[in-house]
Amino acid sequence: MKRKALFFDIDGTLLSEVTGEVPSSAVNALERALVCGHLTFINTGRTWCALPAEFKRMEFSGYVCGCGTYIQFGDEILLKRSIPVRRGEEIVKVLRENWADMILEGTDDCFLPERHSRFESLEGTRRYFRNMGLGLERYAEQGGCEFDKFVFYTDALTNKEVIFSNLSADMDLMDRRNGFYEAAPRGFSKGTGIEYVLRYFGMEKEDAYVFGDSSNDLAMFQAVPHAVAMGKHDPVLEPHTEFVTRTVEEDGLAFAMEHYGLI
């Protein structure tokens, strides 16, 4: 079979949100794909530092991180795009003044608000990052933070109109629902990350297969014709889905890869 490029989301796709583990069937399928000569890439909104160690130990061809702002093949960094520090400080100011809270996500570290947030989901992420040794050196409000993309939290107190107006100048926003938004520099996404990899290897869109489950996988699904949605997935992916596989826990990745004859 001609070499293909396979791109995998992490949470809810590779990593079960029920068991907190990658099924052995998925690990085996990924290994078989490499033996068959295919390229395998993690494609995630997480930045490099926030990628769980187990995924760095697994045998992937490469990584597309931070919504396409960081691309690595083997040990070589092919692309890295960070938000200019001064613009980053302006973004933090606008978010804070308009009653939003944020997490700034960089290649080497993440930066969170100094004071306890009214958004419990942010505090949950703070605890998660602390266990990874992230977000401990500098707070978002201190300035001088180099980051590649960010997420922000809103509620009824938030002046979204002002925030959206400011960010629309140079950021692409993804509505992750329930007042939670993800932002990356304009022109960068999981989809552009795929396009970069395909150009680098001289491959066509028809040679790419993507696997995902959530709303932040939309750009990935829009980028190529072979889009696989997990058995449990966000309805926003439906119009762009070619095949719906089983859930993570039901060995969905292996099932889909066998369906396409990739392994």
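Scroll up to find the structure this text is about.
Notes on the structure follow.

Cut-offs applied
- Residues numbered from 1 in each chain as written.
- Predicted model: local features only at pLDDT ≥ 70, side-chain atom pairs only at ≥ 80, totals over all residues.
- Heavy atoms only, no water.
- Salt bridge = Lys/Arg side-chain N within 4 Å of Asp/Glu carboxyl O.
- Helix = DSSP H or I, 4+ residues; strand = E, 2+ residues; numbered from the N terminus.
- Buried < 20%, exposed > 50% of the residue type's maximum accessible area, 1.4 Å probe, protein only.
- Pairing = 2+ DSSP bridges.
- Patch = residues over 30% accessible without salt bridge, like charges linked within 9 Å, V, L, I, M, F, W, Y side chains within 5 Å.
- Areas by Shrake-Rupley, 256 points an atom, 1.4 Å probe, with all protein chains shown as cover.
- Lys, Arg positive; Asp, Glu negative; His and termini not counted.
- Charge placed at Lys NZ, Arg CZ, Asp CG, Glu CD.

### A word on the pattern of salt bridges
Once their charged atoms are close, side chains differing in charge can pair, the charge on each being opposite to the other. Following the criterion strictly, the structure yields 21 salt bridges and no others. The salt bridge involving Asp9 is made with Lys190; its shortest N-O contact spans 3.1 Å. With Asp9 in the loop between β1 (5-8) and α1 (24-35) and Lys190 in helix α6 (residues 190-201), this residue pair connects regions lying 181 residues apart in the sequence. The two residues Asp9 and Lys190 agree in class, both being buried. The partner of Asp234 in a salt bridge is Arg177, and the shortest N-O contact between them spans 3.0 Å. Here the residue Asp234 occupies a position in the loop between β12 (226-229) and β13 (243-244), and Arg177 occupies one in the loop between β9 (171-175) and β10 (180-185), the gap between them amounting to 57 residues. With relative accessibility at 14%, the residue Asp234 sits in the buried group.

### Looking at the sheet that holds strand β3 (residues 62-65)
If you trace the 8 strands from one edge of the open sheet to the other, you get β5-β4-β3-β2-β1-β11-β12-β13, paired in mixed fashion. Of all the strands in the sheet, just β5 (76-80) and β13 have a single pairing partner and so form its edges. Bridge count for β3 against strand β4 (residues 70-73) is 4 bridges, and the pairing is antiparallel. Note on β4: the bridge partner recorded for Gly62 is Phe73.

### Observations concerning a negative patch on the surface
On the surface, Glu17, Glu249, Glu250 and Asp251 cluster together into a patch of negative charge. On the basis of relative accessible area, Asp251 is assigned to the partly exposed category, the value being 35%.

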